[in-house]
Amino acid sequence: MDITPYMPGKSSLINHQTIIKLSSNEGALGPSPNAIKAYLRAANSLHRYPDGGSNDLREAIGARHGLDASRIVCGAGSDEVLYLLGRSFAGPGDEIVFHEHAFIVYRLIALGIGATPVKAPEVNLTANVDSILNAVSERTRMVFIANPNNPTGSYISADELNRLRAGLREDILLVVDSAYAEYIARNDYSAGAELVDAGVNTVMTRTFSKAYALGGVRLGWAYCPHGVADVLNRVRGPFNVSLPAQAAGVAALEDVSFLAMSRDHNSAWLPWLSEQIRTTELTVYPSVANFVLVEFPNDAGHDAIAAIAFLNDRGIIPRETTSHGLPGCIRITIGTEAENRAIATALSEFMS
Ligand SMILES: Cc1ncc(COP(=O)(O)O)c(C=O)c1O
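Below you will find a few notes about this structure. (Residues numbered from 1 in each chain as written. Predicted model: local features only at pLDDT ≥ 70, side-chain atom pairs only at ≥ 80, totals over all residues. Heavy atoms only, no water.)

Re unusual backbone geometry
Defined as follows: Under the DSSP-based scheme used, a helix requires at least four consecutive residues in state H or I and a strand at least two consecutive residues in state E, with every element numbered from the N terminus. Only protein chains enter the area calculation, which uses a 1.4 Å probe; residues under 20% of their type maximum are buried, those over 50% are exposed, and those in between are partly exposed.
Between Asn 147 and the following residue, Pro 148, the backbone shows a cis peptide bond with an omega angle of 0°. Going from Asn 150 to Pro 151, the amide bond is cis rather than trans, its omega being 20°. Counting through the fold element by element, Pro 151 comes out in the loop between β5 (140-146) and α6 (158-167). The backbone of Ser 54 sits at a positive phi, close to 45°, despite the residue not being glycine. For Ser 54, a relative accessible area of 3% corresponds to the buried category.

Right under this line is the structure:
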């Protein structure tokens, strides 16, 4: 009963037929047309159970990313994979460490399995390796890091990630949640696959919900050491990834140019929106993902609550971040050009 149920980003507003939904970090351009076609084709086989091993999908992921497909485990969203990891490797009496404003689900996972969530302070809203290492005790079984993190948009470099792994005991499972990896164009970034291959008790999780814009079908995956993949395959449901999700996922991976377009769109509009909002004197935290975290002043007319009400009145839905421990902020997903322009204009009106 300590669990506050996860509150998804709002998706409708009373009195508004058309809305601009920028509350769930969904891919701005929607899914690849190829993925939609594959999904529709799969409709003819809905009476069939899916392939329980997601074999074509795992092969396609492995080929696209140069990974060993036998160590990929797919799930109904990366959420499922993260929950499976928690259930498999920690339990009552154990501690699970993550950073202060880390993706909210890690805490729910810990509480759900009777483990103790332990938060490591961040520095400048960024995960801090020393602070995570300091938070580790002899009861720690797992460490989660969202890289980059939601809702802050910050990331740590590959060197820092390696330093984190090197500082952890070998019996502590490090889970590197790289849900937004496709968006990042930094040469000091690693999604974590090399650490998994190095064989030191590290798992990388990924999703089709963000850059591939397939959040509605629920599709994610983990790249694991052999032993971890083996455990997940024992613990997961036998048909945990639906047939249309597998088909859409394979087609999405094949559509390389669509992914490039999604990435380019984000690389253009993320700095644009950040700059536009900064001109209104609001603080915009640097982000490498497909959203920005915006901090509002503390006065009643211009605080985050007033901003959300103002935007909602105009049919725009950002994400509140009070539940993330950031009550003075809101999170805004990068949308289409029209959506980005609309929210930039609305925020400028709000501040003036
Ligand atoms: C950091 C992070 N990890 C994991 C997820 C879960 O994504 P999904 O379950 O849709 O794959 C999200 C979704 O918002 C996220 O922001």
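Quick look at the pairing of strand β3 (residues 95-99)
The condition is simple: Any two strands with at least two DSSP bridges between them are considered paired. The handedness of a crossover follows from its direction of travel: if, with the strands pointing away from the viewer, the path from the first strand over the helix to the second runs clockwise, the crossover is right-handed.
With five of its five residues buried, β3 lies for the most part within the structure. Here β3 shows a buried face lined by Glu 95, Val 97 and His 99 and a second buried face lined by Ile 96 and Phe 98. Relative to strand β4 (residues 116-120), β3 runs parallel, the two being bridged by five bridges. Across the sheet, the residue bridging to Glu 95 is Thr 116, located in β4. In this fold, β3 hands off to helix α4 (residues 105-112), which returns the chain to β4; that crossover is right-handed. Pairing of β3 with β5, which is carried by four bridges, proceeds in the parallel orientation. By the bridge assignment, Val 97 is partnered in β5 with Val 143.

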